[in-house]
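Descriptive structure summary
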Amino acid sequence: MSKFRVINAHVDLPAMERSILEFWQENEIFSQSLKAREDAPTWTFFEGPPTANGAPGTHHIEARVFKDVFPRFHTMKGKYVGRKAGWDCHGLPVEIAVEKELGFNGKGDIEKYGIAAFNEMCRISVQRHVSAFTDMTHRMGFWVDFDDAYWTMSPEYIESVWWSLKEIWKKGLLVQDHRVAPYCPRCGTGLSDHELAQGYETVTDPSVYVRFPITSGPLAEINASLLVWTTTPWTLVSNTAIAVHPDVSYLVVEEMVEGEKEVLVIAEKLLGFLKGEVRVLQSLLGRELEFTKYRRPFEFVEIPDSHFVVLATYVTTEDGTGLVHQSPAFGADDLQVCRGYGLPVVNPIAPDGTFFSNLELIGGVFFKEADKALVKELKRVGALYKHLPYEHPYPHCWRCHTPLMYYAQPSWYIRTTSIKEKLLRENEKTEWHPETIKTGRFGDWLNNNIDWALSRSRYWGTPLPIWRCENEHEMCVASLKELSELSGSDVSNMDPHRPFVDDITWNCAQCDAQMVRVSEVIDCWYDSGAMPFAQWGYPHKEGSIAMFEAAYPADFIAEAIDQTRGWFYTLMTIGTLVFDESSYKSVLCLGHLLDKDGRKMSKHLGNTLEPIPLMEQHGADAVRWFMLAAGSPWSSRRVGHDALTEVVRKVLLTYWNTVSFHAMYANASNFDLSQSPHISQRPLMDRWIYSDLQELIIEVDTSLASFDSQRAGKALSKFIDDLSNWYVRRSRRRFWEGDAAALATLHDCLRTLTLLLAPLVPFISESVWQELIRPVDSLASLSVHLADFPIADAKWISRELSDQVALTRRIVELGRAARAESSVKIRQPLGRALIAAGGWSALPQEMKEQIAEELNVFTLEDIADADGKLVDISVKANFRTLGAKYGAEVQEVARSIASASSVDLVAKIRTEGAAISSLGDKSWRVDINDVIITETPREGWTVNSHAGESVALDLTLTSELIAAGTVREVIRSLQEARKNQGFDISDRIHVLWNSHSAYLEAIEDSIEHIANEVLALKIARSADLPLGENENGFNAVLSKAN
RNA sequence: GGGCCUGUAGCUCAGUUGGUUAGAGCAUGCGCUUGAUAAGCGCAGGGUCGUUGGUUCGAGUCCAAUCAGGCCCA
């Protein structure tokens, strides 16, 4: 038999966690946990690679907690859950960070510095940030395999991405197109739609109403002008046409403003925007205006064969004037419409965002900066009708905050629109948490799918593996091996990044011209979305095919909600493009973390919480528990120190102290686990908590299986509270006596509880496993994380016991409230209490005794047995049952019950099972379930009632009761003295005591009982001892026996 | 402009299929209790359940509109 260790109730949680980390490391528990399940069925988890371009924040802990808890849970449930770490290495964020470091300003500086050297700096930057992530991940107890991590910048990863691109290319879905797309003039690159999504900022732009005088047809003769509204005056320089909706009704109006008359054309619905008095001259449909010629306000650039009205159905009459100025180089809709009319695409802006330097007025000016001068010029030439500041969201570069342009540029696209139906089909199969994402945010996004702008004119990224000759013959390359074959020189060990890959050329198989790689790299979101196969180097690397097939699609992924258009989208899209199947089955979509005041955390606001100090202050378990169980994972939540302190106090320390309590008494009584009585032989209380424990197992199991960590946490903390504050407290005496059933029951509960807690709070559960379980159980696994998840034994579940304990606790609550009202201290025993509660008569004697003890009352009686004169009966309608029976009449029935004699009605229902209640000439049958009966005692009692249950206390104090109160008071003060003097719970003592003479008799009469209670071997009165300050003057001197 | 989420006590959050005294924790005050606890218990103050309308005998819960905050898209 191994002896129980004593466990200190005071624990430094962060220090304990550090020692557990060492224990895991020394014993390689993580790899052991994987090895133990090597042959088990798999449960697949994909790690979404964090971008290693900055220090990790507390929000990174959030996602990582969820990425840890479910793999741990499924491992304990018997699955093999591989956990390969990953790092997202490429992309503009990394380039921007390096540019900043080097003090660069744009692509020119990079080219001067040299692409090879620049990319090397990017590589170093990535490696540096990875270590900060590793530290945080390690500290929080997230088990993921860093040694075998995938890096999106590794050659084998890039080759795998190339392979997938070739698959897409072969299907004809990877194409170059000229399209207007958001473009950052500072970074010199187009942005994908998911990047665009991240950069909207609210800005105030000049919004101008501009006159375009008509120069052809009858409207020209009356000097009419087209009135146009725009928020981008800089695009007026390249105005090419004006669009109207063919079916919208337009008006030609004469307006008087300050004595001046002018004629304007505007949509009928938008007439309200005019500022003066208006007379309608003519009404016509948009289509009648087609080809009407006009004069533009600026003549800075040549645009031949243009400047007339065109028709477009996208024109709305929601705002503006219903006439939309067209500048095809800067608007996707504009381009499409103008192309239809064969209009030229003229672009006066260089790729760096400035107007061409040869232009007058605005030459060399950054496009957004030109607005001011242009508005002034509009005014000067008399074209400006109205000018208002206009506040609206405008897209900015998500990294450098430069305002974006919609800019016509050649770009490579994946035709995702052509697989839209398949994406919708895959989404339909996907299990989303929360569900609303499926049809809401994500489904909506898929329904409005547009082609994926894949290419970036940048440096640090996976090179687009397309080579082309001057005759536009194309080749997509799937690997370095293929590239070696094509180019005729062995490049299989080459770094596939730029600039090295750019040097590889060969002669076109069709025309013998030189094949040169296109200059772009790809969107780094493609990299991360390719991880399901690229993490294995699929299909080139040896063994990768088997690895891939065993782990596709994933059972589970988890990230924050901003990934709907990011990783969640690219994963599903690439999976569907390449394998015709999405790469994940279920996805947990987390809400964002907010600061304690509900604001988004950002470095800018200075309200971030640093992850490692946070965990060093409260412990990683506390942070984990907060993320998992405080509030809903999928709604945004506020984090602050107070919330974490509460987790520590209410959950972790309560659990820990229950463990410490058990250890203390198990040790004191030399408890031997092997001598535990069988469950069926244990007392009611034990069977109750054991029943609750079985239900807890089921609840935690099903909650975690459905990714509901909040529900699991709620059940666990409720159980911890019940165990500590009812089971242990009510069974204390049994622990003092070393009762084997009690110790065994508490041990069983703690063991199972520890296993249930293990996935959520891996540190404290491991610590308890090591301290409480392993020393006395030679069969226990080396670590709690190598153990199996508990299985509930349904035969011990008893609803009846649970209900009875709940009733017991409710009665105790009522009694304590009554006590408090009466101002008779609980220490003072009372003679009797009357109880009114359904189920009282069936309550086991043991529980009744507990109530008597808790309330310190000698006898309990059922109120129904009490003298009728003692009790008032009131009856209320039970709307729940009556509503179902009588529907709309329920209010009348309730009134009839209220007006009846309660005593008669209850008597009738109790004797005959039902009664007829009537009001006016109507009557209804009412049975026992249709009424709520409240019985309350009358005079001389203190009473408390709630929901039909009540407790009444008889406040009469007899001399016997007062004497008993004195004895209890004496015992309490002796116990307190024991504690104050630091005696061990099992120390025997000697006592000398004294008190006021009025209390001597009561004390002397119970002196043996007192001695027993306080473990006194000798107890004697000493008349010399000075009296104490309390009411009975009791004072005592304690000393340790022997 | 569109989609989604949230709105319940000073703060953080629960609230089952609609059922008549809307709960818990934190915080404040008072009291009780204590051979584990950084604890526990009771009482008190604090709520027009964002607002308005509707459905219903009955709405925190269902429906509609609206306001505010957040996220995402245009």
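Keep in mind it's a predicted model, so treat the numbers as computed, not measured. Residues take numbers from 1 onward in each chain, read along the sequence in its written order. Written order determines the labels here, with chains lettered from A and ligands numbered from 1. Where local features are concerned, this predicted model is filtered to residues with pLDDT of at least 70; where side-chain atom pairs are given and counted, the filter is 80 or more; whole-chain, interface and lining totals use all residues. As a rule here, side-chain values cover all heavy atoms of the structure and leave hydrogens and water aside.

On to the confidence of the model for chain A, then. Confidence scores here are pLDDT values: one per residue, from the predictor, ranging 0 to 100. Chain-level statistics for chain A give a pLDDT mean of 85 and a share of 95% at 70 or above. Among the scores for the predicted complex, ipTM is 0.85 and pTM is 0.81.

For helices, the axis comes from a line fit to the C-alpha atoms of the stretch in contact; other axes are also lines fit to C-alpha atoms, and the angle between any two N-to-C directions lies between 0 and 180 degrees. Secondary structure follows DSSP: runs of H or I at least 4 residues long count as helices, runs of E at least 2 residues long count as strands, and numbering of each begins at the N terminus. One can describe the packing of helix α7 (residues 155–170) onto helix α18 (residues 567–579) by two numbers: an axis separation of 9 Å at closest approach and a directional angle of 65°. Helix-helix and strand crossings are classified by hand; for α7 and α18 the assignment is left-handed. Between α7 and α18, the contacting residues are Trp-163, Ser-164, Glu-167 and Ile-168 on the first element and Leu-577, Val-578 and Phe-579 on the second. Basically, the charged four are Asp, Glu, Lys and Arg, the nonpolar ten are Ala, Val, Leu, Ile, Met, Phe, Trp, Tyr, Cys and Pro, and anything else, Gly included, counts as polar. Of the residues contributing to the contact of α7 with α18, the split by class is 5 nonpolar, 1 polar and 1 charged. Here is the rule for handedness: rotate from the far helix to the near one, and if that takes an anticlockwise turn smaller than a right angle the crossing is left-handed, while a clockwise turn gives right-handed. Contacts between residues were defined by any pair of non-hydrogen atoms, one from each residue, lying within 4.5 Å.

Before going further, it helps to spend a moment on helix α31 (residues 902–912). Every α-helix winds through 3.6 residues per turn, so residues three or four apart in the chain are directed the same way. Burial classification: accessible surface area is computed with a 1.4 Å probe over protein chains only, and a residue below 20% of its type maximum counts as buried, one above 50% as exposed, and the rest as partly exposed. For α31, every residue scored as buried is listed here: Leu-905, Val-906 and Ile-909. One side of α31 carries all its buried residues, which in axial view fall inside an arc of 95°. Seen from the open side of α31, the exposed residues pointing more than 90 degrees away from its buried face are Asp-904, Thr-911 and Glu-912. After α31 finishes, the residue Gly-913 shows a positive phi value of roughly 90°. By definition, the arc is the one covered by directions from the helix axis to the C-beta atoms.

So, on to the packing of aromatic side chains. Stacked, edge-to-face and tilted are the three classes for Phe, Tyr and Trp ring pairs, Trp counted by its six-membered ring, which pair at centre distances within 6.5 Å; planes under 30 degrees apart are stacked, over 60 edge-to-face, the rest tilted. Taken as a whole, this structure holds 47 aromatic pairs when the rule is applied. Measuring from centroid to centroid gives 6.3 Å for Trp-87 and Trp-151, while their planes differ by 50°, and the two rings are tilted. Residue Trp-87 is found in strand β1 (residues 84–87), and its partner Trp-151 is found in strand β2 (residues 145–151); the two are separated by 64 residues along the sequence. Since its relative accessible area comes to 25%, Trp-151 is described here as partly exposed. A ring pair is formed by Phe-661 and Phe-735, whose centres lie 5.1 Å apart and whose planes are at 80°; its orientation type is edge-to-face. In this pair, Phe-661 is assigned in helix α21 (residues 641–668) and Phe-735 in helix α24 (residues 732–736), connecting sequence segments 74 residues apart. Charge-over-ring contacts are defined here by two conditions on Lys NZ or Arg CZ: a distance within 6 Å of the ring centre and an angle within 35 degrees of the ring normal. The ring of Trp-24 has Arg-72 lying over it, and the distance from NZ or CZ to the ring centre is 5.6 Å. In this structure, Arg-139 packs its charged tip against the face of Phe-763, placed 5.9 Å from the ring centre.

What follows is about the sheet that holds strand β3 (residues 174–184). Across the sheet, 4 strands lie side by side as β4-β3-β14-β16; this open sheet has antiparallel pairing. Strand pairing shows two members of the sheet lacking a second neighbour, β4 (189–190) and β16 (452–453), which therefore form its edges. Note on pairing: DSSP must find at least two bridges between two strands before they are called paired. When β3 meets strand β14 (residues 405–414), the two strands line up antiparallel, connected through 10 bridges. Pairing of Pro-182 across the sheet is with Tyr-406, part of β14.

Glancing now at the environment of Ile-1019. By secondary structure assignment, the location of Ile-1019 is in strand β36 (residues 1016–1021). Overall, the relative accessible area of 22% leaves Ile-1019 in the partly exposed class. Measuring from C-alpha to C-alpha, the distance between Ile-1019 and Leu-1038 comes to 9.3 Å, with 19 residues separating the pair along the chain. When residues no more than four places from it in sequence are discounted, the contact partners of Ile-1019 are Val-991, Trp-993, Ile-1007, Ile-1010 and Ala-1011.

Right, let's talk about the sheet that holds strand β12 (residues 323–326) for a bit. Backbone-to-backbone hydrogen bonds join strands into a sheet, with any given pair of strands oriented parallel or antiparallel. Spatial ordering of the open sheet is given by β11-β7-β12, a layout of 3 strands whose pairing is mixed. Each end of this open sheet is capped by a strand with a single partner; those strands are β11 (309–311) and β12. Taken pair by pair, the neighbouring strands of this sheet meet at an average axis angle of 35°, ignoring direction.

So, on to the environment of Met-494. In this fold, Met-494 is placed in the loop between α14 (480–487) and β20 (506–507). The spacing of Met-494 and Asp-739 is 245 residues in sequence and 73 Å in space, taken between C-alpha atoms. Filtering out sequence-adjacent residues up to four positions away, Met-494 remains in contact with Leu-480, Leu-483, Phe-500, Val-501 and Ile-504.

Another aspect to go through is the pattern of salt bridges. Here, a salt bridge means any side-chain nitrogen of Lys or Arg that lies within 4 Å of a carboxyl oxygen of Asp or Glu. Applying the stated criterion across every chain, the model contains 61 salt bridges. Taking the shortest distance from any N to any O, the salt bridge between Glu-47 and Lys-67 comes out at 2.7 Å. Separated by 20 residues along the polypeptide, Glu-47 in the loop between α2 (29–35) and α3 (58–76) and Lys-67 in helix α3 bring together distant segments of the chain. In terms of burial, Glu-47 and Lys-67 fall into one category: buried.

In this text, buried Ala, Val, Leu, Ile, Met, Phe, Trp, Tyr and Cys residues form a nonpolar core when linked through side-chain atoms within 4.5 Å. In this structure, Tyr-727 and Leu-753 are the most contacted members of the largest nonpolar core, which totals 144 residues. For this core, the leading source of residues is α21, giving 12 residues. Grouped together as the second largest cluster of nonpolar side chains are 68 residues, Ile-242, Ala-243, Val-244 and Met-405 included.

Relative to the helices and strands, Val-587 resides in strand β24 (residues 586–590). Looking at Val-587, the relative accessible area reads 1%, which means it is buried. Considering only alpha carbons, one finds Val-587 and Ala-554, 33 residues apart in sequence, at a separation of 9.4 Å. If we ignore the near neighbours within four places in the chain, the residues touching Val-587 are Thr-430, Glu-431, Trp-432, His-433, Ile-557 and Phe-568.

Now for the pairing of strand β23 (residues 557–560). Residues Ile-557 and Glu-559 of β23 are buried on one face, and the alternating residues Ala-558 and Ala-560, pointing to the opposite face, are buried as well. In the sheet, β23 pairs with β24 via 4 bridges, with the strands oriented parallel. Paired with Ala-560 across the bridge in β24 is Leu-590. Once the chain exits β23 it traverses α18 before rejoining the sheet at β24, and the crossover so formed is right-handed. When the strands point away from the viewer and the path from the first strand over the helix to the second turns clockwise, the crossover is right-handed.

All right, on to unusual backbone geometry then. Of note, the bond from Tyr-538 into Pro-539 is cis; its omega dihedral lies within 30 degrees of zero at -10°. Within the secondary structure, Pro-539 sits in the loop between α16 (531–534) and α17 (544–550). Pro-553 follows Tyr-552 through a cis peptide bond whose omega is -5°. Mapped onto the secondary structure, Pro-553 falls in the loop between α17 and β23. Phi at Asn-223 takes a positive value of approximately 55°, unusual for a residue other than glycine. Following the sequence through the fold, Asn-223 ends up in the loop between α9 (218–221) and β6 (224–230).

In the sheet, strand β35 (residues 989–994) pairs with β36 via 5 bridges, with the strands oriented parallel. Pairing of Ile-989 across the sheet is with Ala-1016, part of β36. Bridge analysis of β35 against strand β37 (residues 1035–1040) gives 6 bridges, and the strand direction is antiparallel. Across the sheet, the residue bridging to Ile-989 is Lys-1040, located in β37.

Across the interface, helix α1 (residues 13–27) lies against helix α26 (residues 762–773) with an axial gap of 9 Å and an inter-helix angle of 75°. By the angle class used here, α1 and α26 are roughly perpendicular. Together, Leu-13, Met-16, Glu-17, Ile-20, Leu-21, Phe-23 and Trp-24 of α1 and Pro-762, Phe-763, Ile-764, Glu-766, Ser-767 and Gln-770 of α26 make up the contact between the two elements. Here the angle decides the label: under 35 degrees means roughly parallel, over 145 means roughly antiparallel, 65 to 115 means roughly perpendicular, and every other value means oblique.

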